[in-house]
Amino acid sequence: MTDHQSPPHRARSVSWQRLSSLRVRLIAVFAAVALVTAVSASGIAYWLNRDAVLRRAQNASLNDFRGSLTRTVSQLPLHPTCQDLSSLAVQVASSGLAYDVVVVDPSQPDCTASSDPIAFTAKQVPPALVTAVNKPREIGPGNPYQYHLYWQRVNLSGPYVVGGTKVEPDGPTAYMFKSLQNERADLNTLGWSLAIATLLALVGSALLAQGASATVLRPVRRLGDAARRLGEGELDTRLDVEGNDELADLARTFNRTAESLSEQVAELSAREAQSRRFVADMSHELRTPLTAMTAVTDILEDEADSLDPMIEPAVRIVVSETRRLSDLVENLMEVTRFDAGTAKLVADEVDMADLIMSCIDGRAWYDAVELDAPRGILAVVDPRRLDVVFANLIGNALKHGGSPVKVKVRQDGETVVVSVSDGGPGIPEDVLPHVFDRFYKADKGRARSEGSGLGLSIAEANALIHGGAITAANNPEGGAVFTLTLPLTQPPAPGPEEAP
């Protein structure tokens, strides 16, 4: 189930990383700013032009309507007929600004006087406009006329401006119907033009953001690649610095940091190499006198029973400490080989049960160890190095954990797993992370170790050189358990062109 769900999850993660990249965010910000700015500017321009166009058209029509009505109404008889009113409407509407006129006389309620009776009648005049037009105003210093010209924009199968006024003192009321369809068409054209300009501004901002992001992200990408190479160990990585901007300062800071890091790493490497040479030289120089001392102590041990009882304990202490010193020197030399990368595998296919049995028999541990190792589990390993691993794990279990010590071998797919458990108090939790550290000794919960503190470290190194691993844990039933995991086969050695 997990294998089938992992690829979509990774795909979603990659998609989200792409969407949240700096380039996408930069383009989105540019586009958002350009869109808001263009829409705001276009909206303001549209409304300003709309108001100006409509106001100019309606003011021209209303002024012309007022002037034409003033000139023509003087020719109207004192008691006009319906035909006179229709003639007035036609004459007023013939000024050339393409508006229609409807004339209403209260004395003739059944008369429909219109320049276009089919399209426009008095019923199409908004009631609010009728009320405003027929309402007299008080004459005063700021208002010399009792009636005024009023207008209102309405929708009558299209946009119209309707204006009306009453002829003083007791004349008819005239209404003008001016279509604003041409102005609306002009405003629609303007709106489409502004929309296209907004779209072009949006596209231009995206292209500008793309160019800006490429300019900004190219140095950032080079910096990221250089940091990646530096993290992979290419300490000579440097950046070419151009200009004096913030990115150039960042590149200079990176170069200074890389230079300082390179110097520190070189110094630490020199010190480490010097320490390794010192340990290797010291161990090598100690082997010659230790060989002589070991030969003498072997003779003294053989003759210990015939020596003076007063010096016999001293002789046995010398023998024991000489052997400890010899083991320490051998361990140090082995650690030096691992550190220097000169430790090699001499691999052969062996039966794991026979290898563990040989280790137990060679150290006379057969009666103290319970072995559960079925025959037939064959692995390609270095028998000498695995003997060191098993000797360390079983020896530590016998020395620090106590009986019963159990060794169990099982095959798990293409690996072999060897577990060594004891019946002791277990390993303290604060000690578990350090059991494979060099020269680390734990006194809590175990008898004081007389070893050098290198055994488990060497065992772990031998497991790693086989491509395996060793883990330490506490058994829920009590005691410590060390688990060695090894591949059944070793990978082929790299050729000269593959070797580092």
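Parameters and conventions
Sequence order sets the numbering: in each chain, residues are counted from 1 along the sequence as written. The predicted origin of the model limits local features to residues at a pLDDT of at least 70 and limits the giving and counting of side-chain atom pairs to 80 or more, whereas totals for whole chains, interfaces and linings rest on all residues. As a rule here, side-chain values cover all heavy atoms of the structure and leave hydrogens and water aside. Only a pair of cysteine sulfur atoms within 2.5 Å counts as a disulfide in this structure description. Secondary structure elements are defined from DSSP: runs of H or I of at least 4 residues count as helices, runs of E of at least 2 residues count as strands, and each element is numbered from the N terminus. Buried residues of nine kinds, namely Ala, Val, Leu, Ile, Met, Phe, Trp, Tyr and Cys, make up a nonpolar core once their side-chain atoms join them within 4.5 Å. Relative accessibility under 20% of the residue-type maximum defines a buried residue, over 50% an exposed one, and the middle range a partly exposed one, all with a 1.4 Å probe and only protein chains included. Any two residues whose heavy atoms approach within 4.5 Å at even a single point are treated as in contact. Residues enter patches when they are more than 30% accessible in relative terms and free of salt bridges; like-charged ones are connected within 9 Å and nonpolar ones (Val, Leu, Ile, Met, Phe, Trp, Tyr) within 5 Å. Every accessible area reported is derived by Shrake-Rupley at a probe size of 1.4 Å, with residue values counting cover from the shown protein chains alone. The term salt bridge refers to a pairing of a side-chain nitrogen on Lys or Arg with a carboxyl oxygen on Asp or Glu at a separation within 4 Å. Any two strands are treated as partners once DSSP identifies two or more bridges connecting them. Fitted lines through C-alpha atoms serve as axes, helices being fitted only where they are in contact, and the angles separating the N-to-C directions of these axes extend from 0 to 180 degrees. Any angle from 65 to 115 degrees is called roughly perpendicular, while one under 35 is roughly parallel, one over 145 is roughly antiparallel, and all others are oblique. Helix crossings get a hand from a simple test, with the near helix turned counterclockwise from the far one by less than a right angle marking a left-handed crossing and a clockwise turn marking a right-handed one.

Turning our eyes to something else, we now look at the state of the cysteines. Using the criterion set out here, one finds one disulfide in the structure. Across a sulfur-sulfur distance of 2.0 Å, C82 and C111 are joined as a disulfide pair. Residues C82 and C111 are joined by a disulfide whose S-S torsion is about 85°; by sign, that bridge is right-handed. With a gap of 29 residues between them, C82 in helix α3 (residues 82-93) and C111 in the loop between β1 (99-104) and β2 (113-114) connect regions that are remote in the sequence.

Here we come to the nonpolar core. M352, L386, F390, V418 and L484 are the most contacted members of the largest nonpolar core, which has 40 residues in total. Of all the secondary-structure elements, those providing two or more residues to this core are α8 (352-362), β8 (378-381), α9 (383-401), β9 (405-412), β10 (415-421), α10 (455-465) and β12 (480-487). Here this core gets seven residues from one element, more than from any other, and that element is α9. Filtering out sequence-adjacent residues up to four positions away, L484 remains in contact with L386, V389, F390, V416, V417, V418, A463, A469 and I470. Counting 25 residues, the second largest nonpolar core, distinct from the first, contains V53, A57, L76 and Y99.

Right, let's get into a nonpolar patch on the surface. Side chains of L199, V203 and L207 sit close together on the surface and give an oily, nonpolar patch of about 300 Å² of accessible area. Inspection of the secondary structure assignment puts L207 in helix α5 (residues 181-231). By relative accessible area, which is 61% here, L207 ends up exposed.

Attention now goes to the sheet that holds strand β7 (residues 369-372). Taking strand neighbours across the sheet as the criterion, the five strands line up as β7-β9-β10-β12-β11 in an open arrangement whose pairing is mixed. Where the open sheet ends on each side, the last strands, each with one partner, are β7 and β11 (469-474). Sheet twist, expressed as the average angle between the axes of neighbouring strands with direction ignored, equals 15°. The pairing of β10 with β12 spans seven bridges and is antiparallel. Note that in β12 the partner of V420 across the bridge is F482. Its contacts with the sheet place α9 against β7, β9, β10, β11 and β12, and it is angled at close to 170° to β12.

This part covers the sheet that holds β1. Note on sheets: strands pair through backbone hydrogen bonds, and any given pair is parallel or antiparallel. Strand order across the open sheet formed by five strands is β2-β1-β5-β4-β3, with antiparallel pairing between neighbours. Single-partner strands in this sheet number two, and they are β2 and β3 (150-155). Pairing of β1 with β2, which is carried by two bridges, proceeds in the antiparallel orientation. By the bridge assignment, V102 is partnered in β2 with S114.

All chains considered together, the criterion is met by eight salt bridges. Linking D51 and R55 is a salt bridge whose minimum nitrogen-to-oxygen distance equals 3.6 Å. Of this pair, D51 and R55 both sit in helix α2 (residues 22-72), four residues apart, which is roughly one turn of that helix. The residue D387 makes a salt bridge to R363 at a minimum N-O spacing of 2.8 Å. In this pair, D387 sits in helix α9 while R363 sits in the loop between α8 and β7, placing the two residues 24 residues apart along the sequence. The exposure class assigned to R363 is partly exposed, which follows from its relative accessible area of 33%.

Attention now moves to the packing of α9 against α10. Remark: α9 packs on α10, axes separated minimally by 9 Å, with the N-to-C direction vectors making an angle of 140°. Here α9 is positioned oblique relative to α10, judged by the angle of their axes. The element α9 and its partner α10 pack so that their crossing is left-handed. Along its contact with α9, which presents R385, V388, V389, N392, L393 and N396, the element α10 presents G455, L456, I458, A459, N462 and I465.

What follows deals with unusual backbone geometry. We note that S157 has phi near 50°; this positive angle belongs to a residue other than glycine. Considering the arrangement of structural elements, one finds S157 in the loop between β3 and β4 (159-166). Its relative accessible area of 80% is what places S157 among the exposed residues. Not every positive phi belongs to a glycine, and A364 is a case in point at roughly 60°. Mapped onto the fold, A364 is located in the loop between α8 and β7. On the basis of relative accessible area, A364 is assigned to the exposed category, the value being 69%.

Right, let's get into the environment of L149. With respect to the helices, strands and loops of the structure, L149 is situated in the loop between α4 (127-134) and β3. Taking the C-alpha atoms as reference points, L149 and K166, 17 residues apart in sequence, are found 7.8 Å from one another. Among residues more than four places away in sequence, those in contact with L149 are L62, F65, R66, G163, G164 and T165.

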